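Observations on chain architecture
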Amino acid sequence: MKLRPLGRSNLQVAPLALGGNVFGWTIDEPVSFAILDAFLDSGLNLIDTADMYSRWKPGNQGGESETIIGRWLRRRSAADRGKVLIATKCGMEMGPNEKGLSKAYILRAVEASLRRLQIDTIDLYQAHQDDPSTPLEETMSAFAHLIKEGKVRAVGASNYTAPRLAEALRISGDKGLPRYECLQPHYNLIERAGFEAELEPLCLKERLGVLPYFSLASGFLTGKYRSEADLSKSVRGKGMTKYLNDRGRRILAALDTVTARYRVTPAQVALAWLIARPSVTAPIASATSLGQLNDLVAATRLELDRDAVRTLDEAGA
């Protein structure tokens, strides 16, 4: 499987990343371990999580996903650790006064993540969201400190606007600080305008890696939700109402057309469309079963021709 450079860092990433948001939320530890084992065997190499996954589940406190990944890594050999890249995030609320991107908080948050993950170095540490209350120079200085200490290899941003991302890059350049090497935007075949208008040109210009999250629009692009009656199929079903409109059905129809032609699944086509974007390094997608994981892996082998890409582009324009 051909690896792709992540920005200007020395990290080389397979064309699809595994989302860890489901670990400790919709799947338990044994199922998570099985998916992680199959993921490693597939040749993919980037696992993306966050300290606050999955704090939203009743009874959880946050850190559940990192803890499961850490226990899985401990079961594997040291050689296996060298085969995977661990990406996590900080900045979203973990408790009273436990959020943001101040230097003091970042230094506390990284220690907690390292402890849960049971590793010495996080390959990619990301600001989960912008923190307008903290100067960007302070945030980037904190990341520089972590890189110097060997606790982090590279840093990235998630959920930044184009102006704030550009300003962070400028400050890093002016002050001689490490820069954000990648962006995690909300981007997929149906959620396009927010990224393509300003962020995509900036990422291409600055040679930033792009790791889109919600690559399958929380399952809508799998074709699972086609009517109001389908919304009860999963815990994410209620969120699909916003896509059940003329544009959403047009995109599903385009997916069906391409799917029938290539004899694959809608999920594979939606991910292959993202993988083919010149700006995208690796879309992030999660799996709750081995069957779903196999679908994700298969997407990395699907190459869409120009007609297929045009059909999808036009449907989602």
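Everything below is about the structure printed above this text.
Residues numbered from 1 in each chain as written. Predicted model: local features only at pLDDT ≥ 70, side-chain atom pairs only at ≥ 80, totals over all residues. Heavy atoms only, no water.

Describing the overall build of the protein chain
Along the protein chain, the regular secondary structure elements total 11 helices and 10 strands. Taken over C-alpha atoms, the radius of gyration comes to 19 Å for the protein chain, in line with the 20 Å a tight globule of 317 residues would show. Taking the principal axes of its C-alpha atoms as reference, the protein chain extends roughly 50 × 45 × 40 Å. Looking at the protein chain as a whole, 56% of its 317 residues are labelled buried. Here the analysis covers contacts within the protein chain between residues at least 6 apart in sequence; of these, 76% occur between residues at least 24 apart. Total accessible area on the protein chain is roughly 13700 Å²; 50% of this is exposed by carbon and sulfur atoms. (Helix = DSSP H or I, 4+ residues; strand = E, 2+ residues; numbered from the N terminus. Rg over C-alpha atoms; globule rule 2.2 N^0.38 Å. Buried < 20%, exposed > 50% of the residue type's maximum accessible area, 1.4 Å probe, protein only. Contact = heavy atoms within 4.5 Å. Areas by Shrake-Rupley, 256 points an atom, 1.4 Å probe, with all protein chains shown as cover.)

Describing the pattern of salt bridges
Applying the stated criterion to the full structure yields 22 salt bridges. For Glu181, the salt bridge goes to Arg179, with nearest N and O atoms at 3.1 Å. The exposure class of Glu181 is buried, given its relative accessible area of 11%. One salt bridge in this structure joins Glu206 and Arg179, with 4.0 Å as the shortest N-O distance. (Salt bridge = Lys/Arg side-chain N within 4 Å of Asp/Glu carboxyl O.)

Section: the pairing of strand β7 (residues 152–158)
With six of seven residues buried, β7 lies mostly within the body of the structure. Pairing between strand β6 (residues 122–127) and β7: five bridges, direction parallel. Opposite Tyr125, over in β7, you have Val155 as the bridge partner. After leaving β6, the chain enters helix α5 (residues 136–149) and then returns to the sheet as β7, a path that is right-handed. In this sheet, strand β8 (residues 180–184) lies alongside β7 in parallel orientation, the contact comprising three bridges. When the sheet's bridge partners are listed, Val155 is paired in β8 with Tyr180. For the segment spanning β7, helix α6 (residues 162–175) and β8, crossover handedness is right-handed. (Pairing = 2+ DSSP bridges. Right-handed = clockwise from strand over helix to strand, strands pointing away.)

Concerning the sheet that holds β8
Spatially, the eight strands line up as an open sheet ordered β9-β8-β7-β6-β5-β4-β3-β10, and their pairing is parallel. Looking along the sheet, the strands with just one partner apiece sit at the ends: β9 (209–210) and β10 (284–285). Bridge count for β8 against β9 is two bridges, and the pairing is parallel. Following the sheet pairing, Leu183 is matched in β9 by Val210.

Comments concerning the packing of helix α8 (residues 246–262) against helix α9 (residues 266–276)
At their nearest, the axes of α8 and α9 sit 9 Å apart, and the two run at 100° to each other. Looking at the two axes, α8 sits roughly perpendicular to α9. Mapping the contact onto sequence places Leu255, Val258 and Thr259 in α8 and Pro266, Val269 and Ala270 in α9. Of the residues belonging to the contact of α8 with α9, the class tally is five nonpolar, one polar and no charged. (Axes fitted to C-alpha atoms, helices over the stretch in contact; angles between N-to-C directions. Parallel < 35°, antiparallel > 145°, perpendicular 65-115°, else oblique. Nonpolar A, V, L, I, M, F, W, Y, C, P; charged D, E, K, R; others polar.)

Examining the environment of Pro212
In this structure, Pro212 sits in the loop between β9 and α8. We classify Pro212 as buried; its relative accessible area is 0%. Along the sequence, Pro212 and Leu16 sit 196 residues apart, while their C-alpha atoms lie 9.9 Å from each other. Leave out the neighbours within four places in its chain, and Pro212 touches Pro185, Tyr187, Leu274, Val280, Ala282, Pro283 and Ile284.

Quick look at the packing of helix α1 (residues 29–42) against helix α2 (residues 64–75)
Geometrically, a packed helix pair is captured by the angle between its two axes and the distance between the axes. The contact between α1 and α2 brings their axes to 10 Å, and the two run at 55°. By the angle between their axes, α1 is oblique relative to α2. Crossing geometry of α1 relative to α2 is assigned as right-handed. Note on element contacts: α2 touches α1 through Ile68, Arg71, Trp72 and Arg75, opposite Glu29, Ser32, Phe33, Leu36, Asp37 and Leu40. Grouping the amino acids of the contact of α1 with α2 by side-chain chemistry returns five nonpolar, one polar and four charged. (Left-handed = near helix turned anticlockwise from the far one by under 90°.)

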